[in-house]
Amino acid sequence: MKVDYHVHLEEGPYSFNWWKRTVRAIEQFIPIMFEPHSKEWMYEQSKIMNRRMEDGSFSSYWLDFYLQQAKKLGLQEVGIVDHLYRFKEKRPYYEKYMHLENDELGSLQEKWLGQVSTESMATFISFIEREKGKWEKEGVRLKLGIEADFFPGCEEDLSNILAPYHWDYVIGSVHFYNGWGFDNPDTKDYFNKYDLKALYDRHFQVVEEAISSKLFDIVAHLDNLKVFGFRPNENDLRVYYQKIAKALKEHDVATEVNTGLAYRYPIQEMCPSPDFLKILAQYDVDITTSSDAHFPDDVGAFLDEARERLKESGFKQIVTFDKRIKKRVELC
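Residues numbered from 1 in each chain as written. Predicted model: local features only at pLDDT ≥ 70, side-chain atom pairs only at ≥ 80, totals over all residues. Heavy atoms only, no water.

Participant: Tell me about the sheet that holds strand E3 (residues 141-149), residues and numbers included.
Facilitator: Two pairing modes exist for strands in a sheet, parallel and antiparallel, and in both the strands are linked by backbone hydrogen bonds. The parallel open sheet is built from five strands, whose spatial order is E1-E2-E3-E4-E7. The strands lining the two open edges of the sheet, one partner per strand, are strand E1 (3-7) and strand E7 (218-219). Taken together, the two bridges between strand E4 (residues 169-173) and E7 define a ladder with parallel strand orientation. Considered in E7, the bridge of Ile 171 is made with Ile 218. (Pairing = 2+ DSSP bridges. Helix = DSSP H or I, 4+ residues; strand = E, 2+ residues; numbered from the N terminus.)

If you want it as structure tokens, here you go:
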């Protein structure tokens, strides 16, 4: 079965780079039939982006591109899991656990949070549920998920946030170290402030806490701390890989092969690493496949390679979810 279980509809901040990337995505589905950089070409781009901005990311206009890409690649299920921090009513959760002090890092992250927390969770949920029927008729099952950041000590707060909604599945992820968002390109220099061994030790402790919290169906991109290439000798990390694999199996929590770091970040390697994936296979951990796409033309990116990696590592099945019920299906 071919699935992509980690897909986002939008990501801020709303820079000119975001604008150009959005135009490039739409052009994959609606080509502009004018000479690039001509006045007519620019006018068509302006019309396209005017509609995109007016309709927003929770619109059939935008989601239909995702459907087109899914059908093109033969995907049978796609899960939309926008980040919890995208929803302005959930901002207090991040204000409690992120580093937002009156210093350089805090000021930068406070600004970032304001730029990305722009949407309504209720609007997101109702939109995805409304679109499921259209996707089903087109031969692709659309799933409603959420990607929620795990922080040490957050269990009660996050449980209260997630409980009222009828998710198909919930993804947990670790993007922060002591409140520092380590995958933000604007803060990557903070890696130089830490001993890498100690940083990885604490990271995997928090990942293990997320797994044991019983909040999540899937814990995502387990070794994403490597995002900018800051990683100790991987031989020293195998003890952590084994601990995480054991925890996933013990708590019956799935993980994913996430291709996003391979095509969007300097490390250019999937999560988990090849050695980590082999250890997950040895523990017979449940796993699914994910592109971590943030634009429609990235849906399914590198998933053929991900499936081959799974087979080579010894996996024969992946998992899917419906209303938080897990199902094992054959890996094709």
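Participant: Requested: an account of the packing of aromatic side chains, with residues and values cited.
Facilitator: The way to describe two aromatic rings as a pair is by their centre distance and the angle between their planes. Scanning all chains against the criterion turns up 35 aromatic pairs. For the pair Tyr 5 and Tyr 169, a centre-to-centre distance of 4.6 Å together with 20° between the ring planes defines the contact as stacked. Residue Tyr 5 is located in strand E1, and its partner Tyr 169 is located in strand E4; the two are separated by 164 residues in the primary sequence. Under the relative-accessibility criterion, Tyr 5 is labelled buried at 0%. (Phe/Tyr/Trp six-rings, centres within 6.5 Å; stacked < 30°, edge-to-face > 60°. Buried < 20%, exposed > 50% of the residue type's maximum accessible area, 1.4 Å probe, protein only.)

Participant: Can you lay out the pairing of strand E8 (residues 255-258) for me, pointing to particular residues and giving the numbers?
Facilitator: Residue alternation in E8 divides its side chains into two sets, Thr 255 and Val 257 and Glu 256 and Asn 258, and both sets are buried. Note: E8 against strand E9 (residues 287-290), four bridges, orientation parallel. Pairing of Thr 255 across the sheet is with Ile 287, part of E9.

Participant: Pulling in residues and values, what's your account of the environment of Phe 315?
Facilitator: Here Phe 315 shows up in the loop between helix H12 (303-313) and strand E10 (317-322). Residue Phe 315 is classed as buried on the basis of its relative accessible area of 7%. Note: C-alpha distance between Phe 315 and Glu 330 (15 residues apart in sequence) is 9.5 Å. Among all residues touching Phe 315, those that are not within four sequence positions of it are Leu 277, Leu 280, Ala 281, Val 285, Ile 287, Leu 310 and Leu 331. (Contact = heavy atoms within 4.5 Å.)

Participant: Any chance you could break down a negative patch on the surface for me, citing the residues and the numbers?
Facilitator: On the surface, Glu 101, Asp 103, Glu 104 and Asp 189 cluster together into a patch of negative charge. As for its placement among the helices and strands, Asp 103 is situated in the loop between helix H4 (91-97) and helix H5 (104-116). We classify Asp 103 as partly exposed; its relative accessible area is 32%. (Patch = residues over 30% accessible without salt bridge, like charges linked within 9 Å, V, L, I, M, F, W, Y side chains within 5 Å. Areas by Shrake-Rupley, 256 points an atom, 1.4 Å probe, with all protein chains shown as cover. Salt bridge = Lys/Arg side-chain N within 4 Å of Asp/Glu carboxyl O. Lys, Arg positive; Asp, Glu negative; His and termini not counted. Charge placed at Lys NZ, Arg CZ, Asp CG, Glu CD.)

Participant: Could you give an account of the side chain of Ser 38, naming the residues involved and the relevant values?
Facilitator: Mapped onto the fold, Ser 38 is located in the loop between helix H1 (16-27) and helix H2 (39-55). At 3.1 Å, the side chain of Ser 38 and the backbone nitrogen of Trp 41 are in polar contact. (Polar contact = N/O pair within 3.5 Å; in protein donor to acceptor, adjacent residues only side chain to side chain.)

Participant: Got a sec to walk through the packing of H1 against H2? Specific residues and values, please.
Facilitator: Following both chains from N to C, one finds H1 and H2 inclined at 100°, their axes separated by 10 Å at the closest point. The angle between H1 and H2 falls in the class roughly perpendicular. Contacts between H1 and H2 involve Trp 18, Trp 19, Thr 22, Val 23, Ile 26 and Glu 27 from the first element and Trp 41, Gln 45, Ile 48, Met 49, Arg 52 and Met 53 from the second. A class-by-class count of the residues in the contact of H1 with H2 yields eight nonpolar, two polar and two charged. (Axes fitted to C-alpha atoms, helices over the stretch in contact; angles between N-to-C directions. Parallel < 35°, antiparallel > 145°, perpendicular 65-115°, else oblique. Nonpolar A, V, L, I, M, F, W, Y, C, P; charged D, E, K, R; others polar.)

Participant: Please set out the pairing of E3 residue by residue, giving values where relevant.
Facilitator: Burial analysis of E3 places eight of its nine residues in the buried class, the great majority of the element. In terms of strand pairing, strand E2 (residues 77-80) meets E3 through four bridges, oriented parallel. By the bridge assignment for E3, Val 78 is matched with Leu 142. Where E3 lies against E4, five bridges are found, and the strand directions are parallel. The residue of E4 that forms the bridge with Asp 149 is Ser 173. With helix H7 (residues 155-162) bridging E3 and the parallel E4, this β-α-β connection has right-handed handedness. (Right-handed = clockwise from strand over helix to strand, strands pointing away.)

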